[in-house]
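Spelled out from the first residue to the last, the chains are:
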Amino acid sequence: MEKAVNVGVRDQVRDGDGDGVWSGSWVAERLGVELIGDDRLTGLLGLALRRNPKRAHLLVSNVLGKHVPQSPSVVYGYGFELGRRVRELLGADEARRAVVLGYAETATGLGHSVADGLGAAPYLHSTRRPVAGLAPAGGFEESHSHATSHLLLPEDPALLTGDGPLVLVDDEFSTGNTVLNTVRDLHERYPRRRYVVVALVDMRSAADAGRLEEFAGEIGARVDLVAAASGTVRLPEGVLERGRELVARYEAESAAEGGSSAAAPSWPVAQFPAPLEGVAANALGARGTARTAPTGPQPDDNRAHPHVTRIDLRWPEGLPDGGRHGFTPAHRERLEAALPGMAARLADALPADARRVLVLGFEELMYAPLRLARELEQAVGADVRYSTTTRSPVLAVDDPGYAIRTRLVFPAHDDPADGPGERYAYNVAGAGYDAVIAVVDSAADTPPLHAPDGLLAQLAAHTPQVLLAVVPSYTPEAPHAPERPSMLPEPLRGPAFSSYAPEEVGWLLQDLSDVTLEAPTEEREEAIQSGGAHYAESLPVEYQPSEQYQELFHAALEDSAARIAQAVGVVTETVLAERSPRPVLVSLARAGTPIGILMRRWARHRHGLDLPHYAVSIVRGRGIDANALRWLARHHDPRDVVFVDGWTGKGAITRELAQALEEFEKSDGITGFDPEIAVLADPGSCVRTYGTREDFLIPSACLNSTVSGLISRTVLRADLVGPHDFHGAKFYRELAGTDVSVAFLEAVSARFPEVTDAACAQAKELLAADRSPTWEGWAAVERISEEYGIHDVNLVKPGVGETTRVMLRRVPWKVLARAGAGSDLDHVRLLAGQRGVPVEEVADLPYTCVGLIHPKYTRGATGADGKAVTV
């Protein structure tokens, strides 16, 4: 069903004329057009006439920043406030999953501002500028527009494939045809449950309103409407024909009186002996609409080649100039950080005595100029206004009761797909601006822009100072282009990669299953400790558990499933309450991946949430996979990402992640990733988000790939992993006969119902408690390292899980066990016996056990000095 929500309108809209005449009265009196509805409509809208065979009148917004120059704070504020209302309507959870779609060209900036108001929504706007090699992800027709065809060209088609709400933003909602065409096209390709239509004004008739509600019922989706004001346009019979006659008559009169093509037609016609002398610097009404008649360059004008000051904005490299191909929350953060510096460069270029400044955007390029103008408005004492050029032909009438007082005409300067033609800037001529800052993208910085009849020359005829700021036009490379870091592959999923179901986890890895990477454990250890190789450059031979060891695993699982289930519930409830109501789980492959899946299952069991979950590689000494972070930032809000691991030992990975994210922010300018890891068990007291701080046996630590989806450790080797590749891993399909990955998940998740109350109560207690890390584990490791003559904390692996890893993957020297440790160490004792490793009981050990890797290892050596040889 459809639901209408009206947004309160600001009391002060800086438009109109000092004598209080409505800027739609001229058209209303001559054609009998009426606005019926909210008493706020006449403050938001004026009326004009245009050459359009489908609709003679044009609703001219006073707060859009397209045809009527307006305070950029007012323009941005309207869109931002609408976004806030959408957020309230959807709720924080749904708002986080929303995608905003704006309409070209008029609503590109409005839609982007709405996305900002939503808080973390990615943004895309339709476009009429095709890109060679980039296939449209959709398209639709805007029936009443001057230029009807819209393309959707997201660089990342996933922007349109999610199931969260789609928020469609246009400046006016008149018949609903555009929205219906859009939803019809997109719903066939990417169906979803909810749509929200946003407009400054809802001007539908009762019949049109019913059509939208009926259509929503047909597709089985909810459609909400958010508008700043509502009403209808009452059109008398024959208005289209009368409008055409009126336009033709005034055009003929203007031509007969010698109206200049640069600033005409305009009624009544007024010519000045010289452009600048004829422009009164302050010929403004109390609320700012220019009242002087327009004029263009005269034959004796000395501004045929005007001086234009070019300003280097220092636009951030690789930052999109708008939402034509998608604009993510990460992009938004980069822009916010760069805006003050760019505005300062604009301010420095302005004349010192400038009292009135216009920032003039360019067609679809509305948002970047708007944000620059708003930042400039806050930085200087001048009266700053904002508007943009347009493709839409509207007739100008120099009358206080008409919305388009003046018009500049100039040739298109961006090589448009529909060929050359006229473009327009309204209400700029005669407005008394001391400076105009034209902001265009680099695709539009062409010779026609600088030509004697181009936009810059037209502006120079009406202001003493013209400044030009060029924003790099962001154009995605064609798919399959070589060395393309932004075209990272989609995550690998089971059953093609891993034994997990495809919805359980997406692996941000590359498949190296066909590469021989395994080396004997002793050879790997010697190479690693000698500095000849990094541990992530090869893989240990996969441990094949004996029948006795497998029995221990199943017994441990039976004994600990409920305890693990409760810890899963505690950590998941903590994440949902404290980190994000709809987190994106990103497990650290591979030990974190079973835990990430269990957390995802708990969120579905307890809250009905279907959380996204990915697995990424992190390598000690090398950091986290930066390409995986780039993929995540392109598809999700980094602030929603929660990194997940199985347990903490001494906290090395915790520190590794924090350092890696800090370096990533510096290199890529992408912020928002939180280095705080959520773990099932935190015996080392290294994190704030955990299920328990007990050091107990987590059965998934007992095995390698056969409890981790048959996936190997991750691999990072220069000859296999390029600078634009994900880290690698292998899928051991041949071990399917001994795979217990799904059995482990099922055994734990089957206990969720019985531990739900206890887990929720424990999580509540933890949320109210001081959980600050004490790093007790790190201190213990340093002490052990020195006491046992190892002098390398990397060779001390505390906790049951880490000790098990030592036994399975490295060359163990000895195991330290807490005195009195029970069945949690049965599997460790078994492995130690098989490998001839002594188990030494230690009093006051903060962990259940600690595994010591053989120090200074060479084959045949034992002992802390690496020299003594025993058999």
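My aim in this report is to walk through the structure given alongside it, one point at a time. (Residues numbered from 1 in each chain as written. Predicted model: local features only at pLDDT ≥ 70, side-chain atom pairs only at ≥ 80, totals over all residues. Heavy atoms only, no water.)

Counting residues in each nonpolar core, the largest one holds 137 residues, and the members touching the most others are L118, V167, V198, Y402, I437 and L459. Of the residues forming this core, the biggest block, nine residues, is contributed by helix α3 (residues 72-96). Counting 103 residues, the second-largest nonpolar core is a separate cluster that includes L576, I595, Y690 and V740. (Core = buried A, V, L, I, M, F, W, Y, C linked by side-chain atoms within 4.5 Å. Buried < 20%, exposed > 50% of the residue type's maximum accessible area, 1.4 Å probe, protein only. Helix = DSSP H or I, 4+ residues; strand = E, 2+ residues; numbered from the N terminus.)

Next up on the list: the sheet that holds strand β14 (residues 356-362). Strands sit in the order β13-β20-β19-β14-β15 across an open sheet of five strands; the sheet is parallel. Of all the strands in the sheet, the pair left with one neighbour each is β13 (308-311) and β15 (383-389). Strand-to-strand twist of the sheet, defined as the mean angle between neighbouring strand axes without regard to direction, takes the value 25°. The sheet contact formed by β14 and strand β19 (residues 435-441) spans four bridges and is parallel. Residue pairing across strands places L358 opposite V436, the latter belonging to β19. Helix-sheet contacts for helix α8 (residues 329-349) involve β13, β19 and β20 (466-471), and the interaxial angle to β13 is about 155°. Lying on the sheet, helix α9 (residues 367-379) is in contact with β14, β15 and β19; it crosses β15 at an angle near 175°. (Pairing = 2+ DSSP bridges. Axes fitted to C-alpha atoms, helices over the stretch in contact; angles between N-to-C directions. Contact = heavy atoms within 4.5 Å.)

Moving on to unusual backbone geometry. Trans peptide bonds make up most of the peptide bonds, and negative phi angles are found at most residues other than glycine. In this structure, the amide linkage connecting G494 to the following residue, P495, adopts the cis form with an omega of 0°. By the secondary structure assignment, P495 is in the loop between β20 and β21 (506-507). Even without glycine at this site, S685 takes up a positive phi of about 50°. Along the chain, S685 falls in the loop between β30 (677-681) and β31 (689-692). Given the relative accessible area of 5%, S685 is considered buried.

Attention now moves to the side chain of T848. Mapped onto the secondary structure, T848 falls in the loop between β35 (839-842) and β36 (849-853). Judged by its relative accessible area of 6%, T848 is buried. In this structure, T848 is in contact with D695, V800, L816, A817, R818, A821 and L825, ignoring residues within four places of it in sequence.

Secondary-structure assignment places R128 in the loop between β6 (123-125) and β7 (138-141). R128 sits in the buried class, given a relative accessible area of 13%. The sequence separation of R128 and L151 amounts to 23 residues, and the corresponding C-alpha distance is 6.1 Å.

Applying the stated rule across the entire model yields eleven aromatic pairs. Between F327 and Y367, the ring centres sit 6.3 Å apart and the planes meet at 70°, which makes this aromatic pair edge-to-face. Of this pair, F327 sits in the loop between β13 and α8 while Y367 sits in helix α9; the two residues are 40 residues apart in sequence, bridging distant segments of the chain. Judged on exposure class, the residue F327 and its partner Y367 are both buried. (Phe/Tyr/Trp six-rings, centres within 6.5 Å; stacked < 30°, edge-to-face > 60°.)

Here we come to the pattern of salt bridges. Pairs can form between side chains of opposite charge whenever their charged atoms are close. Taken as a whole, this structure holds 45 salt bridges when the rule is applied. Taking the shortest distance from any N to any O, the salt bridge between K66 and E105 comes out at 3.0 Å. With a gap of 39 residues between them, K66 in the loop between β4 (57-61) and α3 and E105 in the loop between β5 (99-102) and α4 (108-118) connect regions that are remote in the sequence. Here E578 makes a salt bridge to R688, at a shortest N to O gap of 3.5 Å. Of the two residues, E578 sits in helix α13 (residues 547-578) while R688 sits in the loop between β30 and β31, which places them 110 residues apart along the sequence. Residues joined by salt bridges that share partners form a network here, namely E504, R600, R601, D610 and E746. (Salt bridge = Lys/Arg side-chain N within 4 Å of Asp/Glu carboxyl O.)

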